[in-house]
Amino acid sequence: MEQTSEHTSCCIVGGGPAGMVLGLLLARCGVPVTVLEKHGDFLRDFRGDTVHPSTLALLDDLGLGARFAQLPQRHVSSVQLPIGPGGTPLTIGHLEALPVKFNYIAMVPQWDLLDLLADEAGTEPTFTLRMNTEAVSFLDDGRRICGVRYRTADGGTGTLRATLTVACDGRTSLARELPELGLRTFPCPMDAWWFRLPRRPGDPVGLVGNVGDRFLSAMIDRGDYWQCGAMIPKGSDAERRAAGVDRFAQQFLATAPWLGDRVHTLRSWDQVKLLDVRLDRLRRWHRPGLLCIGDAAHAMSPIFGIGINLAVQDAVAAARHLADRLPSDALPEHVLRRIQYRRWPTAAAAQALQRLAQDRVITPALAGAPRTNVSMVARRIVSTRGVRRLPAYFLAYGAVRERPPAAARR
């Protein structure tokens, strides 16, 4: 039996980085906000864990910099693309060249970041986080979206009415079922396998990239283990699994012989999770009563690890436009339109860079080409003093740097 309908100013669907940041910022501005998260905790493996300078600066603005610094983490000061077996990786972002306080990427388990945000938001009287609560459909009165219907893990159901509903529920968002938002997809040449390998004292630190037989890999230093991702040709998962996990383990070992004392721990395909990589975005991120941000608006591929930070910056921009409007029951759609206008250029530019990397680097490597056709011009651009700061700045902050509302800062 359905529960009594409830009401809030802002209903946020999805407790990922975008949803939790938006919830915290709005709550600090006095806006009643409820976040619905379908899982019972944040402990899910193989999620985006690269925290870029834009997010580090935001945490500092919010007075959370010291607490974040206490989390287990590794720092990376450059972003590289492997260009072929035996080739020198192309460094496309020298973050250490930026004259800013945070000129590095922090590699932090996403669940630690989300726990930090949830703990801090929980101190605000207008913030509510509901775990084990999944939004299953929108409430639509014919003129606008006015909330959601939800289901809880114990089988309960209910409705939550809201002045604004914000879709932060990723690339499988409920909002993507609305045809008027117009989903545009781009070709993507790869899928990704995620798995773990033990880490030993004396191993490399930070982020390690390798090129193998029709796959590219990235290994993220987690302290006592490596979080490994291997990009394989799209649609080749079943074929490659049929060849056996031992074959893949030996291929992986050939790219990183120093893993020889532990690659045997990869014994079963049950240890390897498949990510169906997508690259797409909505043509329209809003309709009356509804706003989409993060992967719900623009799903990113794993290239450059920028998805989480674009989502967080979407949340910051949204909070700045919404904080003074949401306490009322009237929210003009032009406010939502301005948020898309603000964030669309960065999302489109980031996806254009990912598509370029796919065409020039990923696709040739996955096809088994001995080398990629990365031009000498590109190498000169990214290595030129002064000019080389441009890609680094984009990776750090996007096309524009977002600042939180003044009322949310500490």
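For the structure, check the block above.
Report follows, based on the coordinates.

1. Let's talk about the overall build of the protein
Part 1 of the argument: For the protein, the count of helices and strands is ten helices and 21 strands.
Part 2 of the argument: Scored against the burial criterion, the 410 residues of the protein give a buried share of 56%.
Part 3 of the argument: Of the contacts formed within the protein by residues at least 6 apart in sequence, a portion of 74% connects residues at least 24 apart.
Part 4 of the argument: Carbon and sulfur atoms provide 52% of the accessible area of the protein, an area that totals close to 17300 Å².

2. Focus: the sheet that holds strand S7 (residues 105-107)
Part 1 of the argument: Pairing in this open sheet of three strands is antiparallel, and the strands run S3-S7-S4 from one edge to the other. Of all strands in the sheet, those with a lone pairing partner are strand S3 (50-51) and strand S4 (74-76), marking the two edges.
Part 2 of the argument: Inspection of the sheet shows S4 paired to S7 by three bridges, in the antiparallel sense. Across the sheet, the residue bridging to histidine 75 is alanine 106, located in S7.

3. Considering the environment of proline 327
Part 1 of the argument: Mapping proline 327 onto the fold places it in the loop between helix H7 (307-322) and helix H8 (333-366).
Part 2 of the argument: Sequence-wise, proline 327 and threonine 8 are 319 residues apart; in three dimensions their C-alpha atoms are separated by 9.5 Å.
Part 3 of the argument: Residues in contact with proline 327, not counting those within four places in the same chain, are Ser9 and Val31.

4. Focus: the side chain of aspartate 191
Part 1 of the argument: Tracing the chain through its elements places aspartate 191 in strand S13 (residues 190-198).
Part 2 of the argument: Exposure remark for aspartate 191: the relative accessible area of 5% places this residue in the buried category.
Part 3 of the argument: Side-chain polar atoms of aspartate 191 contact the backbone nitrogen of valine 277, separated by 3.3 Å.

5. Side note on H8
Part 1 of the argument: Along H8, the sharpest kink reaches roughly 45°, centred on glutamine 358.
Part 2 of the argument: Of the residues one or two after H8, glycine 368 is the one with positive phi, at around 85°.

6. Describing the sheet that holds strand S17 (residues 273-275)
Part 1 of the argument: Spatially, S14-S15-S16-S13-S17 is the arrangement adopted by the five strands of the open sheet, whose pairing is antiparallel. One side of each edge strand has no neighbouring strand; the edge strands of this open sheet are strand S14 (207-212) and S17. For this sheet, the mean angle separating the axes of adjacent strands, direction not counted, is 25°.
Part 2 of the argument: Of the strand pairs in this sheet, S14 and strand S15 (residues 215-221) are connected by six bridges, and their pairing is antiparallel. When the sheet's bridge partners are listed, glycine 209 is paired in S15 with alanine 218.
Part 3 of the argument: Sheet strands in contact with helix H6 (residues 245-255) are S13, S14, S15 and strand S16 (225-233), and its direction is about 75° off that of S15.

Each value, and the rule that gives it
Residues numbered from 1 in each chain as written. Predicted model: local features only at pLDDT ≥ 70, side-chain atom pairs only at ≥ 80, totals over all residues. Heavy atoms only, no water. Helix = DSSP H or I, 4+ residues; strand = E, 2+ residues; numbered from the N terminus. Buried < 20%, exposed > 50% of the residue type's maximum accessible area, 1.4 Å probe, protein only. Contact = heavy atoms within 4.5 Å. Areas by Shrake-Rupley, 256 points an atom, 1.4 Å probe, with all protein chains shown as cover. Pairing = 2+ DSSP bridges. Polar contact = N/O pair within 3.5 Å; in protein donor to acceptor, adjacent residues only side chain to side chain. Bend = angle between axes of the 7 residues up to and from the residue. Axes fitted to C-alpha atoms, helices over the stretch in contact; angles between N-to-C directions.

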